[in-house]
Amino acid sequence: AQSGVNPYVLAAMIIQEQGSKGTSPMISGTVTGYQGIYNFFNVETYETSTMSKVAKGLSYAAQSGSYNRPWNTVEKSIIGQIHILPAAVLALVVG
């Protein structure tokens, strides 16, 4: 895998974060104002007084910046976010 992480582990992590049905707005790419933006691992996804957690997470994903952002493709989202995960966790799953 391009990320260096076993694809089965990636799939399991995505299911853990998004559920087995794959219907989360965080990975749909269709949220109004954030069309084509994806946040598979819920990075920076929390509610504020002015933003829902979905809007907050997708807003972060839409910004240019670190970790290969904006996450405007499924591939960029997954690969960019893998680098955010703690090195200790990745050391257990690289394979």
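Details of the structure are given in the entry above.
My aim in this report is to walk through the structure given alongside it, one point at a time.

1. Examining the nonpolar core
Step number 1: Among the nonpolar cores identified, the biggest contains 19 residues, and Leu10, Phe40, Phe41, Ile78 and Ile82 are the most heavily contacted of them.
Step number 2: Of all the elements in the fold, those that place two or more residues in this core are helix 1 (7-18), helix 2 (53-62) and helix 3 (74-82).
Step number 3: Top element by residues in this core is helix 2. It accounts for four residues.
Step number 4: When residues no more than four places from it in sequence are discounted, the contact partners of Phe40 are Ile14, Glu17, Gln18, Ile27, Val74, Ser77, Ile78 and Gln81.

2. Some details on the packing of aromatic side chains
Step number 1: Scanning all chains against the criterion turns up two aromatic pairs.
Step number 2: Aromatic side chains Tyr38 and Phe40 sit 6.4 Å apart centroid to centroid with 25° between the ring planes, which places their arrangement in the stacked category. Phe40 shares its class with Tyr38; the two are buried.
Step number 3: Note on Tyr60 and Trp71: the rings are 5.7 Å apart at their centroids and 65° apart in plane angle, and the pair reads as edge-to-face. Here the residue Tyr60 occupies a position in helix 2, and Trp71 occupies one in the loop between helix 2 and helix 3, the gap between them amounting to eleven residues. Comparing Tyr60 with Trp71, the two get one shared label, buried.

The rules behind the values
- Residues numbered from 1 in each chain as written.
- Predicted model: local features only at pLDDT ≥ 70, side-chain atom pairs only at ≥ 80, totals over all residues.
- Heavy atoms only, no water.
- Core = buried A, V, L, I, M, F, W, Y, C linked by side-chain atoms within 4.5 Å.
- Buried < 20%, exposed > 50% of the residue type's maximum accessible area, 1.4 Å probe, protein only.
- Helix = DSSP H or I, 4+ residues; strand = E, 2+ residues; numbered from the N terminus.
- Contact = heavy atoms within 4.5 Å.
- Phe/Tyr/Trp six-rings, centres within 6.5 Å; stacked < 30°, edge-to-face > 60°.

By themselves, these figures tell us nothing about what the structure is for.
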